[in-house]
Amino acid sequence: MRGTATALRSELMGLSGIVERNTYIIRRYIWWELAWFVWTLANTLSIVFIAKGFQQTGARIDVNKATSWLLIGALVWSYLGMVFGLLVEMVQWERWEGTIEHTFMAPLSRSMHLLGTGLFGVLYGLVRTAALFVVVAFFFHLSLPGADYLAALVVLLVASISFIGIGMMTSVLPLISPEKGVQLGYIAQGLLLVVSGVYYNVSVLPGWMQALARISPATYALRALRSSIIDGAGVHALWGDIWPMLVIGVIAVPLGLEIFRRGERYAKRHGKLKRSG
Amino acid sequence: MSSAFAFSQPVSDRARPAVEVSCLRKDFRRREGLRRRRISVLGPVSFSIERGECVAILGQNGSGKSTLVRLLSTLLLEDAGGARIFGHDVFREPRRVQRLINRVSVEASFFKRLSAIENLSYAARFYGLRRRDTNVEIPRILERVGFPLARATGPMEELSRGMQQKVALARALLTSPALLLLDEPTTGLDPRSKLEVQDFIREVRRVHDATILLCTHDLAEAEELAERVGILHRGELLCLAPADELKRRYGAETLEEAFFSATGAVLTEEEEARE
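Residues numbered from 1 in each chain as written. Chains lettered and ligands numbered in written order. Predicted model: local features only at pLDDT ≥ 70, side-chain atom pairs only at ≥ 80, totals over all residues. Heavy atoms only, no water.

Visitor: Report on the overall build of chain A, specifying residues and quantitative values.
Guide: Check the secondary structure of chain A and you find eleven helices and zero strands. Counted from the first residue to the last, chain A has its helices and strands arranged as α-α-α-α-α-α-α-α-α-α-α. Counting only C-alpha atoms and orienting by the principal axes, one finds that chain A spans roughly 60 × 40 × 35 Å. Looking at chain A as a whole, 56% of its 277 residues qualify as buried. In chain A, 81% of the contacts between residues at least 6 apart in sequence involve partners at least 24 apart. Both charge centroids of chain A, one from 23 positive and one from 14 negative side chains, sit 4 Å from each other. (Helix = DSSP H or I, 4+ residues; strand = E, 2+ residues; numbered from the N terminus. Buried < 20%, exposed > 50% of the residue type's maximum accessible area, 1.4 Å probe, protein only. Contact = heavy atoms within 4.5 Å. Lys, Arg positive; Asp, Glu negative; His and termini not counted. Charge placed at Lys NZ, Arg CZ, Asp CG, Glu CD.)

In structure tokens, the structure reads:
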């Protein structure tokens with residue numbers, strides 16, 4: 001019993017080490033973080049302006065609702081990009097800095113390593129996404145009087161479980177393909193969002209893409225976030241979208257860990273676990 | 001070293017050697033056009049290191065030294081044979097082994113924008129060390145390796161190679177390893193830094209009673225620091241004995257002569273390509 005507690009404490013300490021390291025990195029690159037935020041902001045604005053542009057062409061739309069609809073899509077894209085980005089670049093960054101061998105020879109379980117990275121991604125993503133939302137909402141004078149932000153936060157946290165699981169699956173790519181693995185991770189992010197109705201309703205997609213949308217956690221996350229922020233739906237009303245995300249998360253996290261474990265074995269077998277790749 | 005918090009795994013079965021390597025072999029596959037060719041980079045090699053002993057492995061670039069260290073560091077999987085560290089199977093019980101070892105390699109690998117303290121702090125967490133312990137221990141160890149504390153909060157990229165290597169030693173010692181793997185720890189250092197690092201290795205042995213595997217191509221360093229010296233050539237361990245015995249065996253006056261007599265070698269392109 002005492003041994004288990006000690007082991008658990010050690011594991012959690014390892015997880016906190018990952019969070020601590022990423023916090024140091026963000027702090028040391030703070031000006032780059034601001035530059036990155038400006039880029040994300042510009043990207044989000046360019047998408048959200050589409051609603052106003054449509055109105056000018058004579059189309060009859062509720063600009064406030066369309067703006068909010070697009071904004072939520074852009075925010076989820078940005079949030080997912082941060083969570084996936086941290087997980088996918090985890091190996092690549094360590095390889096570039098030369099610390100990869102020290103990290104992988106440390107007595108840090110891979111589950112804590114990946115979960116720590118995912119957890120930091122979620123915390124960092126939440127802060128950045130909230131800041132982005134506030135700035136864009138202010139910029140467009142968005143009026144969302146009935147929005148249930150607590151429900152939106154719950155949805156994002158539940159969705160994050162499966163996002164971390166899928167991120168773990170993509171994070172193995174730079175391990176087995178040092179040259180192109182990171183880019184493949186971003187392709188996976190794009191494909192996930194395109195079938196999930198990032199800027200449109202899933203119903204406009206072809207049948208085969210709608211089938212894929214059903215197994216994408218982003219589909220449920222986008223729908224539930226729009227319901228909570230635009231229509232003010234509470235957690236109870238969103239249960240129909242929350243439980244599929246929980247199911248996908250329960251499957252995705254262990255699957256992601258197993259895929260990474262296999263990738264790590266491959267890398268150890270073929271000598272790819274080193275700084276030069 | 002008497003660390004206030006030795007979190008290393010308890011070293012079991014004290015009668016066993018620190019390191020037991022048995023017929024260990026590693027091959028890599030290299031693509032040549034459409035075909036893949038299997039290249040043997042190490043072994044089979046067999047040897048053992050007693051507890052508290054310092055063994056140096058000499059070899060040219062591409063001789064298999066780094067592959068051996070990476071195998072023992074759990075960063076590679078074997079193709080044949082096995083290795084045990086303090087009785088634990090390196091390839092079947094990697095987590096137990098990882099708690100017992102640490103490594104200093106030729107490149108002092110750090111997040112360059114982070115400070116020495118930040119790099120040591122997060123790395124210590126991977127070994128289960130708490131913040132309240134590392135807050136005390138990190139400055140203490142940095143001082144012991146002769147690192148000026150005034151530079152400990154600035155980015156690593158602003159430090160010289162010698163200073164970075166001292167931080168690398170501090171990182172390894174922070175976790176109180178029972179086995180220290182040193183992979184060319186003084187390569188590229190200026191003579192003064194080199195001597196300081198070597199002095200510190202001696203101190204670690206004297207105070208901490210750590211077992212050391214030192215891979216180097218610096219013959220004087222090997223003779224100075226190690227009780228036994230091995231010569232690794234094209235993945236094959238030609239010998240492992242005290243330096244004086246090697247000189248006698250190869251009829252040489254110096255270890256350098258013995259080395260060249262054993263390997264008969266000039267570096268070939270094939271060897272350079274092996275690692």
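Visitor: So what about the pairing of strand E1 (residues 19–32) of chain B? Which residues, and what values?
Guide: All names here are of chain B. Two strands pair when backbone bridges link them, and E1 and strand E2 (residues 35–49) are joined in this way by eleven bridges, in the antiparallel orientation. Opposite leucine 24, over in E2, you have valine 45 as the bridge partner. From the end of E1 to the start of E2, which pair antiparallel, there are two residues, and glycine 33 there has a positive phi angle of about 70°. Looking at chain direction, E1 and strand E4 (residues 80–85) are connected through five bridges and run antiparallel. If you follow valine 19 over to E4, its bridge partner there is isoleucine 85. (Pairing = 2+ DSSP bridges.)

Visitor: How would you explain the packing of aromatic side chains if you had to name every residue and give the values?
Guide: Any pair of aromatic rings gets described here by the distance separating the centres and the angle formed by the planes. With the rule as written, the count across this model stands at 14 aromatic pairs over all chains. Three or more aromatic residues joined by ring pairs form one cluster here, namely Tyr29(A), Trp93(A), Phe111(B), Tyr122(B) and Phe126(B). Sitting over the ring of Tyr122(B), Arg21(A) keeps its end group 5.4 Å from the ring centre. Against the face of Trp69(A) rests Arg226(A), its NZ or CZ located 4.0 Å from the ring centre. (Phe/Tyr/Trp six-rings, centres within 6.5 Å; stacked < 30°, edge-to-face > 60°. Lys NZ or Arg CZ within 6 Å of the ring centre and 35° of its normal.)

Visitor: Please give an account of the interface of chain A and chain B that cites residues and values.
Guide: With 38 residues of chain A in contact, the opposing surface of chain B contributes 40 residues. Between chain A and chain B, the buried area comes to about 3700 Å², and carbon and sulfur atoms account for 54% of it. Of all residues in chain A, Arg28(A), Met105(A) and Pro107(A) give up the largest surface area on contact with chain B, accounting jointly for 21% of the area buried on that side. The tally of links from chain A across to chain B stands at nine salt bridges. Here Glu20(A) makes a salt bridge to Arg125(B), at a shortest N to O gap of 2.8 Å. Going through the elements one at a time, helix H1 (2–28), helix H3 (63–97), helix H4 (100–104) and helix H11 (239–270) of chain A are the ones with two or more residues in the side of chain A that touches chain B. Of all the elements, H1(A) adds the most residues to the side of chain A that touches chain B, at 14 residues. A class-by-class count of the residues in the side of chain A that touches chain B yields 13 nonpolar, eleven polar and 14 charged. (Buried area = accessible area lost by both parts, 1.4 Å probe. Salt bridge = Lys/Arg side-chain N within 4 Å of Asp/Glu carboxyl O. Nonpolar A, V, L, I, M, F, W, Y, C, P; charged D, E, K, R; others polar.)

Visitor: Report on the sheet that holds E2(B), specifying residues and quantitative values.
Guide: Residue and element names in this part refer to chain B. Spatial strand order, E2-E1-E4-E5: four strands in an open sheet with antiparallel pairing. Looking at strand neighbours, the two that pair on one side only are E2 and strand E5 (88–89), the edges of this open sheet. Sheet topology note: the E4/E5 ladder contains two bridges and is antiparallel. If you follow arginine 84 over to E5, its bridge partner there is aspartate 89. Taken strand by strand, helix H1 (residues 65–72) contacts E1, E2 and E4, and its axis lies near 115° from that of E1. (Axes fitted to C-alpha atoms, helices over the stretch in contact; angles between N-to-C directions.)

Visitor: Quick one: what's the story with the pattern of salt bridges, residue by residue and with numbers?
Guide: For the structure shown, the criterion picks out 38 salt bridges over all chains. Between Glu258(A) and Arg262(A) there is a salt bridge, and its shortest N-O distance comes to 3.0 Å. You can see Glu258(A) and its partner Arg262(A) sitting in helix H11, four residues apart, about one turn around the helix. Given a relative accessible area of 31%, Glu258(A) falls into the partly exposed group. Note that Asp244(B) and Lys247(B) form a salt bridge whose closest N and O atoms lie 3.5 Å from each other. Of this pair, Asp244(B) and Lys247(B) are both found in helix H8 (residues 243–249), three residues apart, which corresponds to roughly one turn of the helix.

Visitor: Help me get a handle on the packing of H3(A) against helix H5 (residues 110–139) of chain A, residues and values and all.
Guide: Packed helix pairs are characterised by how far apart their axes lie and by the angle those axes make with each other. Where H3(A) meets H5(A), the closest approach of the two axes is 9 Å, and the angle between their N-to-C directions is 145°. Helix-helix and strand crossings are classified by hand; for H3(A) and H5(A) the assignment is right-handed. (Left-handed = near helix turned anticlockwise from the far one by under 90°.)

Visitor: Break down the state of the cysteines for me, citing the residues and quoting the values.
Guide: Evaluation of the coordinates by the stated rule reveals zero disulfides over all chains. The structure places no disulfide on Cys23(B), whose sulfur is separated from the nearest cysteine sulfur, that of Cys239(B), by 18 Å. (Disulfide = S-S within 2.5 Å.)

Visitor: Tell me about the side chain of Thr99(A), residues and numbers included.
Guide: Within the element layout of this structure, Thr99(A) appears in the loop between H3 and H4. The class of Thr99(A) is buried, set by a relative accessible area of 1%. Reaching out from Thr99(A), the side chain makes a polar contact with the side chain of Glu94(A) at a distance of 2.6 Å. Ignoring anything within four residues of it in the chain, the contact list for Thr99(A) reads Glu94(A), Ser109(B), Phe110(B), Phe111(B) and Tyr122(B). (Polar contact = N/O pair within 3.5 Å; in protein donor to acceptor, adjacent residues only side chain to side chain.)

Visitor: Describe the packing of H3(A) against helix H10 (residues 217–230) of chain A, and please don't skip the residues or the numbers.
Guide: All names here are of chain A. Two elements in contact, H3 and H10, have axes whose closest approach is 10 Å; the angle formed by their N-to-C orientations is 135°. As the angle between them shows, H3 and H10 are arranged oblique. In this structure, H3 crosses over H10, and the sense of that crossing is right-handed. Touching Lys65, Ser68, Trp69, Ile72, Gly73 and Val76 of H3 are Leu222, Leu225, Arg226, Ile229 and Ile230, all from H10. Here the contact of H3 with H10 is built from residues that sort into seven nonpolar, two polar and two charged. (Parallel < 35°, antiparallel > 145°, perpendicular 65-115°, else oblique.)

Visitor: Break down H11(A) for me, with residues and values.
Guide: Under the 1.5 Å per step criterion, the end-to-end length of H11(A) is 46 Å for 32 residues, consistent within 8% with the ideal 46 Å. In the stretch just after H11(A), Gly271(A) is the one whose phi turns positive, near 70°. (Expected span 1.5 Å × (residues − 1).)

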